[in-house]
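Summary of the model geometry
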Amino acid sequence: MADSPATAAENNIELIRASVRTLCADFPSEYWQQVDRERLYPTEFVTALTHAGFLAALIPEEHGGSGLGLEAAAAIMEEIHGSGCNGSACHGQMYTMGTLLRHGSPEQKRRWLPAIAAGELRLQAFGVTEPTTGSDTLNLRTTARRDGDHYVVNGQKIWTSRAEHSDLMLLLARTTARDQVTERTGGLSVFVVDLREAIGHGLTIRPVRTMLNHSTTEVFIDDLRVPAANLIGEEGRGFRYILDGMNAERTLIAAECIGDARWFIRKAVDYASQRVVFGRPIGQNQGIQFPIARAYAATEAANLMREKAARKFDRHEPCGEEANLAKLLASEASWQAADMCIQTFGGFGFAEAYDVERKFRETRLYQVAPISTNLILCYVAEHVLHLPRSY
Ligand SMILES: Cc1cc2nc3c(=O)[nH]c(=O)nc-3n(C[C@H](O)[C@H](O)[C@H](O)COP(=O)(O)OP(=O)(O)OC[C@H]3O[C@@H](n4cnc5c(N)ncnc54)[C@H](O)[C@@H]3O)c2cc1C
């Protein structure tokens, strides 16, 4: 008897998970320790994922991708992180893709998507955050002024991750002054900037070294000319387009956190079962067992919300509440698991060779970026609980 569509989809996702794990097995601890130590971009890993088609998961088949949904994309990111690898070098492509897919013109999709799916072009960079305005995106200062068949862009971005390893960057800039817009969210526009042409012609990238290997940068923009053909959708509606992609982004981030949390829990269980102190495995002590069990409970609960968010997204149902809750709960669960794991390992948790300290640094990011916990709580308070807007 043939599988029901739901069972077939689940089987398909299990196959995807297994293939991601197989690919990740070729990138062991030593690889990640080296790229982390030397702050290298994991080019070989990203190339392998690209060739296997995983980074084109969300691109429709007609444009050369696999046309999968968010559930499958989340499974890919979770397995990468659950295998001890890190998807931050390439997740940008999954996050940003939705803006181009949903709001790009047919011509723009034809121009970029097949090349991205084939691995010939990388769309990994996303320039939203600015040094002076931070989470207050509507207040951003970068401007784009129409000049014939181009826009002239001026401003500065910070934390533009992977800009040095990307061919294209999605850029959010103000096209109408804030005091001249009728709608609060109006006046911002999204552009695809071709970094291969822009660098040295009005755009400069400077790396920012951080506590984790994230290839993040600051970007200086000075009279950069961007073809008007690279404007996504309508001028002035860019913030809406970016917001549209947030639910997918938050769900994918939650999946990465779940992968991290499961990695920490597995590591802690193995270590606690083997490490013998005072004549017995440390995992026999409730003081060690209980934090592991708590981290497990938090992770599985967060995962249910992550699954709910992805399923609703794939059914085209509103999922702002679920995506935000999933990101909140999963980022807290992964941090709880990270803290538990380093405590379980004792001194060895701080040694590079065990990977715990690296993953600990990596997973801490998710409570700050791509959106901080407080801003998620603001969303829940205002849009779910209908409390007065606080900011
Ligand atoms: C490694 C890394 C990679 C990143 N990659 C990218 C990228 O590729 N592209 C990009 O555009 N951005 C990126 N970011 C930026 C990231 O999205 C921001 O750091 C994040 O949104 C927080 O903004 P901020 O750092 O300006 O903090 P701020 O907005 O200055 O906030 C600082 C703190 O104050 C809190 N806060 C602010 N306002 C309120 C309020 N009203 N109520 C309660 N609390 C408040 C925040 O929650 C936060 O804890 C990255 C950041 C990092 C660290």
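The sections below set out a description of the structure shown in this document. (Residues numbered from 1 in each chain as written. Predicted model: local features only at pLDDT ≥ 70, side-chain atom pairs only at ≥ 80, totals over all residues.)

Describing the environment of Ala-338
Topologically, Ala-338 is positioned in helix H10 (residues 320–345). Through-space distance from the C-alpha of Ala-338 to that of Glu-362 is 9.7 Å; in sequence the pair is 24 residues apart. When sequence neighbours within four positions are dropped, the list of residues in contact with Ala-338 reads Phe-264, Lys-359, Phe-360 and Thr-363. (Helix = DSSP H or I, 4+ residues; strand = E, 2+ residues; numbered from the N terminus. Contact = placed C-beta atoms within 7 Å.)

Points about the site of the ligand
Taken together, 22 residues form the shell around the ligand, and within it Gly-134, Ser-135, Trp-159, Ser-372 and Asn-374 come nearest. Listed by contribution, the elements that provide at least two residues to the shell around the ligand are strand S1 (123–127) and helix H12 (373–384). Looking at which element gives the most residues to the shell around the ligand, the answer is H12, with three residues. Residue classes in the shell around the ligand are distributed as eleven nonpolar, eleven polar and no charged. Shared between two domains, the shell around the ligand takes at least three residues from each, and those domains are domain 2 (124–238) and domain 3 (240–384). (Near = placed C-beta within 6 Å. Nonpolar A, V, L, I, M, F, W, Y, C, P; charged D, E, K, R; others polar. Domains from an automatic or database assignment.)

A look at the packing of H10 against H12
At their nearest, the axes of H10 and H12 sit 10 Å apart, and the two run at 145° to each other. Remark: the crossing between H10 and H12 carries left-handed chirality. Each of Gly-320, Glu-321, Asn-324, Leu-325, Lys-327, Leu-328 and Ser-331 in H10 lies in contact with H12, whose residues at this interface are Thr-373, Ile-376, Tyr-379, Val-380, His-383 and Val-384. By residue class, the composition of the contact of H10 with H12 is six nonpolar, five polar and two charged. (Axes fitted to C-alpha atoms, helices over the stretch in contact; angles between N-to-C directions. Left-handed = near helix turned anticlockwise from the far one by under 90°.)

Looking at helix H9 (residues 286–314)
Under the 1.5 Å per step criterion, the end-to-end length of H9 is 41 Å for 29 residues, consistent within 8% with the ideal 42 Å. Three or more residues of H9 are buried, namely Ile-288, Ile-292, Ala-295, Ala-298, Thr-299, Ala-302, Asn-303, Met-305, Arg-306, Ala-309, Ala-310 and Phe-313. Buried residues along H9 sit against helix H4 (70–82), helix H8 (238–274) and H10. Just downstream of H9 lies His-316, where phi reads positive at about 60°. (Expected span 1.5 Å × (residues − 1). Buried ≥ 20, exposed ≤ 12 C-beta atoms within 10 Å, placed from the backbone.)

Quick look at unusual backbone geometry
Residue Ala-369 is joined to Pro-370 through a cis peptide bond whose omega torsion reads 5°. For Ser-215, which is not a glycine, the phi torsion comes out positive at approximately 45°. Mapped onto the elements of the fold, Ser-215 is located in the loop between strand S6 (203–207) and strand S7 (217–227). Ser-215 gets classed as buried once you count the C-beta atoms within 10 Å, which come to 24. A positive phi angle, near 75°, is found at Asp-355, a position not held by glycine. With respect to the helices, strands and loops of the structure, Asp-355 is situated in the loop between H10 and helix H11 (356–364).

Examining H4
The terminal C-alpha atoms of H4, which comprises 13 residues, lie 18 Å apart, in line with the 18 Å expected from a rise of 1.5 Å per residue. Following H4 by one or two positions, Gly-84 has its phi on the positive side, about 90°.

What to know about the pairing of strand S3 (residues 150–158)
Side-chain positions along a regular strand alternate between the two faces of the sheet. Sheet topology places strand S2 (residues 143–147) next to S3; five bridges connect them, and they run antiparallel. Opposite Ala-144, over in S3, you have Val-153 as the bridge partner. Linkage of S2 to S3, two consecutive antiparallel strands, is achieved through a turn of two residues, within which Gly-148 is found at a positive phi near 65°. Here S3 pairs with S7 via eight bridges, running antiparallel. Bridge pairing in S7 places His-150 opposite Pro-227. (Pairing = 2+ DSSP bridges.)

Things to note about the nonpolar core
Ala-73, Ile-76, Phe-191 and Phe-264 are the most contacted members of the largest nonpolar core, which has 113 residues in total. Among the elements that make up this core, the one with the highest residue count is H8 (17 residues). (Core = buried A, V, L, I, M, F, W, Y, C linked by C-beta atoms within 7 Å.)

Examining the environment of Thr-251
Along the chain, Thr-251 turns up in helix H8. For Thr-251, a count of 31 C-beta atoms within 10 Å translates into the label buried. The spacing of Thr-251 and Asp-270 is 19 residues in sequence and 29 Å in space, taken between C-alpha atoms. Apart from residues no more than four positions distant in its own chain, Thr-251 is found in contact with Leu-70, Ala-74, Arg-306, Ala-309, Ala-310, Phe-313, Ala-323 and Ala-326.

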